[in-house]
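Structure at a glance
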Number of protein chains: 2
Amino acid sequence: MAETITLYGFWRSLAAYRVRIALQMKGLPYREIPVDILTGEQHGADYGAVNPEHVVPTLVHDGRTLFQSQAILEYLDETFPDPPLMPTDAAERAYVRAVALVSVADAHPLVVPRMRKRLATQFGADPAAVEAWGTHWMREGLATYETIFTRRPPAPFVAGETPTIADICFASHMAASSLAGFTREFPLCARLAETCMAVPAFAAAHPMKVPGAPA
Amino acid sequence: MAETITLYGFWRSLAAYRVRIALQMKGLPYREIPVDILTGEQHGADYGAVNPEHVVPTLVHDGRTLFQSQAILEYLDETFPDPPLMPTDAAERAYVRAVALVSVADAHPLVVPRMRKRLATQFGADPAAVEAWGTHWMREGLATYETIFTRRPPAPFVAGETPTIADICFASHMAASSLAGFTREFPLCARLAETCMAVPAFAAAHPMKVPGAPA
């Protein structure tokens, strides 16, 4: 019972961070197996047997292997409904999913290791150019979030009183962006990030708290 | 009543194609307003007022403005349940969402107009290099799909007897890939694409059938 959930993750993975937040929000015990995505461990045959995309995270629950962070978040919410991470109204659910996807489908895919590698091999991008590429897209993502929050201010979370998967995915975007130092350009984002990080699960699951993270 | 659904789309947009399939599967009348993403019409203030990300599609239903294709697909399925585009079992739902996200969150974001533009401005990529970049990621996506389908063959659709949002998102990936001519390298993908295209809604909604598409 205690050991029924295994998360293949890594401290640096923003997508794994999302899943850790949900697991901790739900109070679910889990075991995390690190897959070092900086050295390319995800490309090995062993991990390929676990995850056909060779990416983290993968969640194993009761013998079922689940992949793609947003699919895992919804699975956890449907399987362990308390506390809920999704609203009940269809239009609100669509809003929450869309806000989550700004990070999951639009910003984050552009900065993952396979992108960085391809920029180097196809265009000869040096580390500084790769970094500039990543910073550009993280800032674009934050600018989009700031516009969204200007039209509908978080109150105090994206969809109201309690955190949803929108806040979880936003927080993952912010965890990376805050390292880049430009988050003060986006005051509504900065305030929402503070609200999120005051939630114990968001703080405890943070990348820098994961074993293996730099001191 | 007939005119309650407006889709801001474009013939070339794979994400708009997904939404058109769902609308036609559900038998919902809609009006499509083209936003020319090849000339940059999406970056204008007019469309920015509709969509904070300046991307297509946007769906307007009963005064609600919805964005992000996967969020729109789930909204349509929750609001108009017949025929269902999602399974009922939580693990099956997670599988369907994950297979959809292989396109929505991993392959497609790497080939959209803003990416192509950034490759040109940051790395001086010429049109052939941009094309090679796109082909690389579309092929990577297909290789992932082929691995997924080898482990669990479509029967005949991704999750069984009827199409789901997994098939819809796969079909959007395939619509672009088939133009590139390498789909025969992936026989399970090619067979599933044939199965999908035998569904009237998938065929009728195809990018090349949309007003404005090249003859």
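These numbers were taken from a predicted model, which means no experiment stands behind them.

1. Thoughts on the interface of chain B and chain A
Tallying the contact residues gives 34 residues for chain B and 34 residues for chain A. Only β4 (64-67), α3 (69-79), α4 (90-107), α5 (113-123) and α6 (127-151) of chain B provide two or more residues apiece to the side of chain B that touches chain A. Sorting elements by how many residues they give to the side of chain B that touches chain A places α4 of chain B first, with 11 residues.

2. Some details on the domain arrangement of chain A
Residues and elements named next belong to chain A. Under the domain assignment, chain A is made up of domain 1 (5-83 + 204-209) and domain 2 (90-201). Here domain 1 and domain 2 have C-alpha centroids that lie 19 Å from each other. Listed by partner, the interface residues are 16 residues for domain 1 and 14 residues for domain 2. Those elements that provide at least two residues to the side of domain 1 that touches domain 2 are α1 (14-25) and α3 (69-79). For the side of domain 1 that touches domain 2, the element with the most residues is α1, which contributes 7 residues. The residue inventory of the side of domain 1 that touches domain 2, partitioned by class, reads 11 nonpolar, 4 polar and 1 charged.

3. Quick notes on the environment of V19 of chain B
All names here are of chain B. Inspection of the secondary structure assignment puts V19 in helix α1 (residues 14-25). Overall, V19 belongs to the buried group, with 30 C-beta atoms counted inside 10 Å. For V19, the residues in contact, after removing those within four places along its chain, are L7, G9, P57, L59, S69, I72 and L73.

4. Concerning the relation of the copies chain B and chain A
Rotating chain B by 180 degrees and moving it 0.0 Å along the rotation axis overlays it on chain A with an RMSD of 0.0 Å. Such a combination of turn and shift is consistent with a two-fold rotation axis. If distances are taken from each C-alpha of chain B to the rotation axis, the shortest is found for A105 of chain B, at 2.0 Å. Counting the interface residues of chain B, we find that 100% of their copies in chain A are interface residues as well, pointing to one common contact surface.

5. Points about unusual backbone geometry
With an omega dihedral of 5 degrees, the bond running from V56 of chain A to P57 of chain A counts as a cis peptide bond. Examined against the element boundaries, P57 of chain A turns out to sit in the loop between α2 (45-50) and β3 (58-61). Residue P156 of chain A is bonded to the preceding A155 of chain A through a cis peptide linkage, with omega at -10 degrees. Following the sequence through the fold, P156 of chain A ends up in the loop between α6 (127-151) and α7 (165-180). Positioned with a positive phi, H54 of chain B is a non-glycine residue whose angle comes to about 60 degrees. For H54 of chain B, the position within the fold is in the loop between α2 (45-50) and β3 (58-61).

6. Remarks on the sheet that holds β3 of chain B
Residues and elements named next belong to chain B. Taking strand neighbours across the sheet as the criterion, the 4 strands line up as β2-β1-β3-β4 in an open arrangement whose pairing is mixed. Sheet topology places β2 (31-34) and β4 at the edges, where each strand pairs with a single neighbour. The average angle at which neighbouring strand axes cross in this sheet is 20 degrees, direction not considered. Sheet topology places strand β1 (residues 5-9) next to β3; 4 bridges connect them, and they run antiparallel.

Rules behind the numbers
Residues numbered from 1 in each chain as written. Chains lettered and ligands numbered in written order. Predicted model: local features only at pLDDT ≥ 70, side-chain atom pairs only at ≥ 80, totals over all residues. Contact = placed C-beta atoms within 7 Å. Helix = DSSP H or I, 4+ residues; strand = E, 2+ residues; numbered from the N terminus. Domains from an automatic or database assignment. Nonpolar A, V, L, I, M, F, W, Y, C, P; charged D, E, K, R; others polar. Buried ≥ 20, exposed ≤ 12 C-beta atoms within 10 Å, placed from the backbone. Least-squares fit on C-alpha atoms with pLDDT ≥ 70 in both. Pairing = 2+ DSSP bridges. Axes fitted to C-alpha atoms, helices over the stretch in contact; angles between N-to-C directions.

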